[in-house]
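Each chain is listed here by its residues.
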Amino acid sequence: MKTPASRARPARRTMTLAEVRTFIGQLAAANPDAASELNFVDDYTLLVAVVLSAQATDASVNRATVALFRDAPNPQAMVELGEEKVGQHIRTIGLWRTKAHNVVALSRQLLERFDGQVPGDRAALESLPGVGRKTANVVMNVAFGDSTMAVDTHIFRIGNRTGLAPGTTPRAVEDQLVRRIPAEMLRPAHHWLILHGRYVCKARKPECWRCPAYDPCQYRLKDDLRAVGPEAGPGGATAG
Ligand code: SF4
């Protein structure tokens, strides 16, 4: 099933705009209430949770933030808690030392530069320690209602695999998604795509046999995977 050609170009072709609308619409119909799986209670705890989630699962972040947000629910409390104790709370998360440093540093900057509030514009967000374009896009989308598209590993894979938004870098895929997804679908599409990648269109074994967006998808191996069904081995498809 795996060939050099399918590895290099997992999609047969780029979806048409009509297919993009159908694809996103079918994901929406399958999961209309899709939302972030990170636990947070306000803009600040959302920002911290997203910073902690880089290269970590949402479940691992949620386990750590129960106690962290109990002890430090706002920037002032986080600065007072300090880097060492923050590190103790998040030790089970990858890159915890760097993240502990960044969470305390960004909390201090929120107090010093933004009156303790999470700013809503991209430049201000990206000026904070540990906050890159992807994190800013999530915060702008979830907290401020902007139609941004944060491209994580799932969305990057789906964009290329299905022909939805081919691109060699996360930014290229983001730009294609923003250009190609109908404007009224763009904001929630972030969640529909992440959850689809997490639970159906998985990295090593996309579950094409139960995919709600099978028809518009242009993945080269989808027919084979649907024919084999759940019996496909864990390495059944790794073409991207
Ligand atoms: S699960 Fe299969 S059919 Fe569905 S979007 Fe992914 S590759 Fe396409």
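What you see is a predicted model, and the numbers here were worked out from it, not measured in a lab.

**Observations regarding the nonpolar core**
Counting residues in hydrophobic clusters, the biggest one holds 61 residues, and the most contacted among them are Phe 23, Leu 52, Val 86, Val 103 and Val 139. When residues in this core are grouped by element, the largest group, seven residues, is from helix H3 (residues 43-52). Lining this core are residues from two domains, each supplying at least three of them: domain 1 (4-30 + 148-231) and domain 2 (43-144). If sequence neighbours within four positions are ignored, Leu 52 has contacts with Val 61, Ala 64, Thr 65, Ile 90, Ile 93 and Lys 99.

**Structural notes on the site of the ligand**
Surrounding the ligand, one finds 13 residues, the nearest of these being Cys 201, Cys 208, Cys 211, Cys 217 and Tyr 219. When the residues that make up the shell around the ligand are grouped by side-chain class, the tally is nine nonpolar, one polar and three charged.

**Concerning the domain arrangement of the protein**
Taken domain by domain, the protein comprises domain 1 (4-30 + 148-231) and domain 2 (43-144). For domain 1 versus domain 2, the separation of C-alpha centres amounts to 29 Å. Across the contact, seven residues belong to domain 1 and five residues belong to domain 2. Tallied by class, residues from the side of domain 1 that touches domain 2 come to three nonpolar, two polar and two charged.

**A word on helix H11 (residues 183-199)**
With 17 residues, H11 should reach 24 Å at 1.5 Å per residue; the first-to-last C-alpha distance of 25 Å fits that figure. Of all bends in H11, the biggest is about 50 degrees, found at Ala 189. Within the sequence span of H11, burial applies to Ala 189, His 190, Trp 192, Leu 193, Ile 194, His 196 and Gly 197.

**What about the packing of helix H4 (residues 58-71) against helix H5 (residues 75-89)?**
Between H4 and H5, the shortest axis-to-axis distance is 9 Å and the interhelical angle comes to 155 degrees. In this view, H4 runs roughly antiparallel relative to H5, as classed from their interaxial angle. Classified by chirality, the crossing of H5 by H4 is right-handed. Here H4 contributes Ala 64, Ala 67, Leu 68 and Asp 71 to the contact with H5, which in turn contributes Leu 81, Val 86 and His 89. Per-class residue counts for the contact of H4 with H5 are five nonpolar, one polar and one charged.

**Re the environment of Trp 96**
Mapped onto the fold, Trp 96 is located in helix H6 (residues 96-113). You can call Trp 96 partly exposed: it has 19 C-beta atoms within 10 Å. The spacing of Trp 96 and Leu 52 is 44 residues in sequence and 8.0 Å in space, taken between C-alpha atoms. Ignoring any residue separated from it by four or fewer positions in sequence, one finds Trp 96 in contact with Gly 87, Ile 90 and Arg 91.

**Side note on the UniProt feature "domain: HhH-GPD" (unreviewed entry) in the protein**
Look at the UniProt record and you will see "domain: HhH-GPD" (unreviewed entry) annotated at residues 52-199. With 69% helix and 0% strand, residues 52-199 has end C-alpha atoms that lie 21 Å from one another.

Calculation criteria
Residues numbered from 1 in each chain as written. Predicted model: local features only at pLDDT ≥ 70, side-chain atom pairs only at ≥ 80, totals over all residues. Core = buried A, V, L, I, M, F, W, Y, C linked by C-beta atoms within 7 Å. Buried ≥ 20, exposed ≤ 12 C-beta atoms within 10 Å, placed from the backbone. Helix = DSSP H or I, 4+ residues; strand = E, 2+ residues; numbered from the N terminus. Domains from an automatic or database assignment. Contact = placed C-beta atoms within 7 Å. Near = placed C-beta within 6 Å. Nonpolar A, V, L, I, M, F, W, Y, C, P; charged D, E, K, R; others polar. Expected span 1.5 Å × (residues − 1). Bend = angle between axes of the 7 residues up to and from the residue. Axes fitted to C-alpha atoms, helices over the stretch in contact; angles between N-to-C directions. Parallel < 35°, antiparallel > 145°, perpendicular 65-115°, else oblique. Left-handed = near helix turned anticlockwise from the far one by under 90°. UniProt positions renumbered as here; feature names shortened; annotations may be inferred.

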